[in-house]
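# An overview of the molecular structure
The primary structure of each chain is shown beneath.
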Amino acid sequence: MIEIINGWFYEADESQYTLIHEYQKEMTEFGTGQKTGEIRTIQEVIGYYTSIASMIIKLSKLLALERIRNGEIKTIEQHITALREIKEQLENTILPF
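To keep things clear, this report deals only with the structure shown in the data block. Because the structure is predicted, anything quoted here is derived from the model rather than measured. (Residues numbered from 1 in each chain as written. Predicted model: local features only at pLDDT ≥ 70, side-chain atom pairs only at ≥ 80, totals over all residues. Heavy atoms only, no water.)

We now examine the environment of Glu 66. Within the secondary structure layout, Glu 66 lies in helix α1 (residues 52–69). According to the relative accessible area criterion, Glu 66 is partly exposed, its value standing at 27%. Separated by 23 residues in the primary sequence, Glu 66 and Gln 89 place their C-alpha atoms 16 Å from one another. Setting aside residues no more than four positions away along its own chain, Glu 66 makes contact with Trp 8 and His 21. (Helix = DSSP H or I, 4+ residues; strand = E, 2+ residues; numbered from the N terminus. Buried < 20%, exposed > 50% of the residue type's maximum accessible area, 1.4 Å probe, protein only. Contact = heavy atoms within 4.5 Å.)

What follows is the structure, given as structure tokens:
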């Protein structure tokens, strides 16, 4: 896997790029839903893309949505600013391409 940024990775083959999110999750007991205290690393496949550009666009949107869920973004202006910041951060990461 190739790391993009903060727990986001991708893999590539002859025809596609696979976007993967890796994060920590506390496990729960089956049936009761009670937390067990066990922490596992989860790798979630987000999607498959025919170009790196389309994959990065999707990642930008997901990173902004993550900020909304965390309460960091509360207005449309903050959302637009965050999208610009994320775009710039990702561009700086992949600019050598």
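There is more to say, and it comes next.
To continue, consider unusual backbone geometry. It is generally the case that most residues other than glycine have a negative phi and that most peptide bonds are trans. Although it is not a glycine, Asn 6 adopts a positive phi angle of roughly 35 degrees. Counting through the fold element by element, Asn 6 comes out in the loop between β1 (2–5) and β2 (8–12).

The next subject is the side chain of Ser 60. Note on placement: Ser 60 falls in helix α1. For Ser 60, a relative accessible area of 12% translates into the label buried.

On to the environment of Ile 46, then. Topologically, Ile 46 is positioned in strand β4 (residues 35–49). Along the backbone, Ile 46 and Ile 20 are 26 residues apart, and their C-alpha atoms lie at a distance of 5.5 Å.

Glancing now at the nonpolar core. In globular proteins that are soluble, nonpolar side chains generally tend to be buried together. Counting residues in each nonpolar core, the largest one holds 14 residues, and the members touching the most others are Ile 4, Leu 19, Leu 59 and Leu 90. Those elements giving two or more residues to this core turn out to be β1, β2, α1 and α2 (76–94). The leading source of residues in this core is α1, at six residues. If near-sequence neighbours (up to four positions away) are discounted, Leu 59 is found in contact with Ile 4, Ile 5, Trp 8, Leu 19 and Leu 90. (Core = buried A, V, L, I, M, F, W, Y, C linked by side-chain atoms within 4.5 Å.)

By themselves, these are just geometric observations and shouldn't be taken as functional.
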